[in-house]
Amino acid sequence: AECCAELGGKVLVLRAPPCGLDRERTTALVVDALAPVVVRCGALGVRLSLEPAPSALYRTVADAIVLAKRLGPPVGVQLDIPALCAEGPDPAAVILGQQAAVDLFHHAHIADCNRRAPGSGPTDFVSIMRALRRGGDPGGVALGGGDPPGVAGRGVSGSIADPRARGPGGRV
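Residues numbered from 1 in each chain as written. Predicted model: local features only at pLDDT ≥ 70, side-chain atom pairs only at ≥ 80, totals over all residues. Heavy atoms only, no water.

A. Spotlight on the pattern of salt bridges. On inspection of all chains with the given rule, the structure shows three salt bridges. Across the pair Arg 40 and Glu 2 runs a salt bridge, and its minimum N-O distance is 2.6 Å. You can see Arg 40 sitting in helix H2 (residues 23–44) and its partner Glu 2 sitting in helix H1 (residues 2–6), a full 38 residues away along the chain. Looking at Arg 40, the relative accessible area reads 36%, which means it is partly exposed. Here Glu 2 falls in the partly exposed class, since its relative accessible area comes to 36%. Here Arg 115 ties to Asp 80 by a salt bridge, and the two come within 3.7 Å at their closest N and O atoms. Taken as a pair, Arg 115 in the loop between strand S4 (105–110) and helix H6 (125–134) and Asp 80 in strand S3 (residues 75–80) lie far apart in primary sequence, 35 residues in all. Classification of Arg 115 as partly exposed rests on a relative accessible area of 39%. On the accessibility criterion, Asp 80 (2% relative accessible area) is buried. (Salt bridge = Lys/Arg side-chain N within 4 Å of Asp/Glu carboxyl O. Helix = DSSP H or I, 4+ residues; strand = E, 2+ residues; numbered from the N terminus. Buried < 20%, exposed > 50% of the residue type's maximum accessible area, 1.4 Å probe, protein only.)

B. Examining the environment of Ile 95 more closely. Here Ile 95 is to be found in helix H5 (residues 91–96). Its relative accessible area of 1% is what places Ile 95 among the buried residues. For the pair Ile 95 and Leu 132, spaced 37 residues apart in sequence, the C-alpha separation works out to 7.2 Å.

C. Representation of the environment of Gly 9 in the model. Assignment of secondary structure puts Gly 9 in the loop between H1 and strand S1 (11–15). Residue classification places Gly 9 among the partly exposed positions, given a relative accessible area of 24%. Along the sequence, Gly 9 and Val 46 sit 37 residues apart, while their C-alpha atoms lie 7.1 Å from each other. Dropping the residues within four chain positions of it, Gly 9 is found in contact with Cys 4 and Val 46. (Contact = heavy atoms within 4.5 Å.)

D. How the structure looks around the nonpolar core. Among the nonpolar cores identified, the biggest contains 39 residues, and Leu 50, Val 61, Leu 71, Leu 79, Ile 95 and Leu 132 are the most heavily contacted of them. Those elements giving two or more residues to this core turn out to be H2, strand S2 (47–51), helix H3 (61–71), S3, helix H4 (81–87), H5, S4 and H6. Considering each element in turn, this core owes the most residues, six residues, to H3. For Ile 95, the residues in contact, after removing those within four places along its chain, are Leu 79, Leu 84, Phe 105, Ile 128, Ala 131 and Leu 132. (Core = buried A, V, L, I, M, F, W, Y, C linked by side-chain atoms within 4.5 Å.)

E. Local environment of the side chain of His 109. For His 109, the position within the fold is in strand S4. Within the local environment of His 109, its side chain forms a polar contact with the side chain of Asp 80, the two groups lying 2.5 Å apart. (Polar contact = N/O pair within 3.5 Å; in protein donor to acceptor, adjacent residues only side chain to side chain.)

F. Here's a closer look at the state of the cysteines. Inspection of the entire model under this criterion finds one disulfide. The disulfide bridge from Cys 85 ends at Cys 113, spanning 1.6 Å between sulfur atoms. Here the disulfide of Cys 85 and Cys 113 is left-handed, its torsion about the S-S bond being about -50°. Within this pair, whereas Cys 85 is found in helix H4, its partner Cys 113 is found in the loop between S4 and H6, the two being separated by 28 residues in sequence. The exposure class assigned to Cys 85 is buried, which follows from its relative accessible area of 17%. Between Cys 3, a cysteine without a disulfide, and Cys 4, which holds the nearest cysteine sulfur, the sulfur-to-sulfur distance is 7.5 Å. You can call Cys 3 exposed: its relative accessible area is 52%. Cys 4 carries a free sulfur, and the closest cysteine sulfur to it, the one in Cys 41, is 7.5 Å from it. (Disulfide = S-S within 2.5 Å.)

Shown next as structure tokens:
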């Protein structure tokens, strides 16, 4: 948390840890272990953002929201597009389905459902950007994917430039 704050960062992402055999016990251990981190993040003005992963303790956005609420502020959720793809065929619908917890969306990681650069697969970034826009400001968007230079961002930049993804005032 200190390093994040010293570098001017506002969001520290925590990828979901593997789940032990007993989900409730593993969750309790994670909550206990993170309690001092949550306090320190709050003191430093850094938001701790939980990133769900399909084979981990918090598998879905809904799971991460429950844990974020249990830990309390400044904990929220990172919206990882490839992880959202694992939740169902329409990542935008997953985002829109969690509108009641929109204040917990701290960050979005944009990569195609194939975990490669945006635009390298079938992901509909126009609908995802619309859903993010309707949900408020996720606090930041990071491009991801393991493609060669010049490929990453093509799909997202096209989505952002696409007027169908824009909201009032032309904002995405």
